[in-house]
Amino acid sequence: MIYKGSCHCGQIAFEVEGELTQVADCNCSICSRMGALHWFVARDALRLLTPESNLATYTFGKHVIKHHFCPKCGIHPFGEGTDHSGNRKAAVNARCLEDVDLSSLPVMHLDGRSR
């Protein structure tokens with residue numbers, strides 16, 4: 001299935017293909033403040049519909065995860081990095097997806113704080 005998503009103002013718009021069967025709630029310092037519910041997909045499954053230059057990016061700690069956000073409205077639609085095997089991944093903020101009933105999805109809790 002293809003899902004469409006965006007930041008609040010629409011300056012960042014994207015579509016992502018896959019089966020949304022669960023989301024992850026991470027307790028690391030940035031995720032707990034941001035309140036995102038992550039859907040992890042291969043980075044190739046996410047396609048920007050707006051210019052990449054519309055993204056602002058924040059990194060911290062080991063600087064291996066690019067936390068992308070909109071510089072206009074401040075919403076964080078997705079981040080990207082690599083998994084332990086070196087595969088490019090995207091962490092889509094499911095709260096930015098259109099027509100998704102988040103209450104119907106199981107939430108996996110990630111202990112990012114201890115990493």
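Residues numbered from 1 in each chain as written. Predicted model: local features only at pLDDT ≥ 70, side-chain atom pairs only at ≥ 80, totals over all residues. Heavy atoms only, no water.

Quick look at the packing of aromatic side chains now. For the structure shown, the criterion picks out three aromatic pairs. Ring centres of Tyr-3 and Trp-39 lie 5.4 Å apart, and the angle between their planes is 80°; this geometry places the pair in the edge-to-face category. Here the residue Tyr-3 occupies a position in strand S1 (residues 2–6), and Trp-39 occupies one in strand S4 (residues 38–42), the gap between them amounting to 36 residues. The exposure class of Tyr-3 is buried, given its relative accessible area of 11%. (Phe/Tyr/Trp six-rings, centres within 6.5 Å; stacked < 30°, edge-to-face > 60°. Helix = DSSP H or I, 4+ residues; strand = E, 2+ residues; numbered from the N terminus. Buried < 20%, exposed > 50% of the residue type's maximum accessible area, 1.4 Å probe, protein only.)

Turning to the nonpolar core, a few remarks are in order. Of all hydrophobic cores here, the largest spans 21 residues; its most connected members are Phe-14, Val-16, Trp-39, Val-92 and Leu-97. Sorting the residues of this core by element identifies strand S2 (13–17), S4, strand S5 (46–48) and strand S9 (88–93) as the ones contributing at least two each. Among all residues touching Leu-97, those that are not within four sequence positions of it are Tyr-3, Lys-4, Gly-5, Phe-14, Val-16, Leu-20, Trp-39 and Val-92. (Core = buried A, V, L, I, M, F, W, Y, C linked by side-chain atoms within 4.5 Å. Contact = heavy atoms within 4.5 Å.)

Time to look at the sheet that holds S5. By definition, the strands of a sheet pair up through backbone hydrogen bonds, in either a parallel or an antiparallel sense. Sheet architecture is open: three strands sit in the order S1-S2-S5, paired in antiparallel fashion. The sheet is open, and its two edges are formed by S1 and S5, each paired on a single side. On average, each strand axis in the sheet is inclined to that of its neighbour by 25°, with strand direction left out of account. In terms of strand pairing, S2 meets S5 through three bridges, oriented antiparallel. Across the sheet, Phe-14 pairs through a bridge with Leu-48, a residue of S5. (Pairing = 2+ DSSP bridges. Axes fitted to C-alpha atoms, helices over the stretch in contact; angles between N-to-C directions.)

Let's shift gears to the side chain of Asn-54. Tracing the chain through its elements places Asn-54 in the loop between S5 and strand S6 (56–58). Classification of Asn-54 as buried rests on a relative accessible area of 18%. Residues within four places of Asn-54 in sequence aside, it is in contact with Gln-11, Ile-12, Phe-69 and Pro-71.

A full pass over the atoms with the stated rule returns five salt bridges. Between Glu-80 and Arg-43 there is a salt bridge, and its shortest N-O distance comes to 2.9 Å. Linking Glu-80 in strand S8 (residues 78–82) with Arg-43 in the loop between S4 and S5, this pair joins segments that are 37 residues apart in sequence. Judged by relative accessible area, Glu-80 falls into the buried class, the value being 15%. Residue Arg-43 is classed as buried on the basis of its relative accessible area, which comes to 12%. Ionic pairing is found between Arg-88 and Glu-80, a salt bridge with its closest N-O pair at 3.7 Å. Overlapping salt bridges, with partners in common, bring together Arg-43, Asp-44, Glu-80 and Arg-88 in one network. (Salt bridge = Lys/Arg side-chain N within 4 Å of Asp/Glu carboxyl O.)

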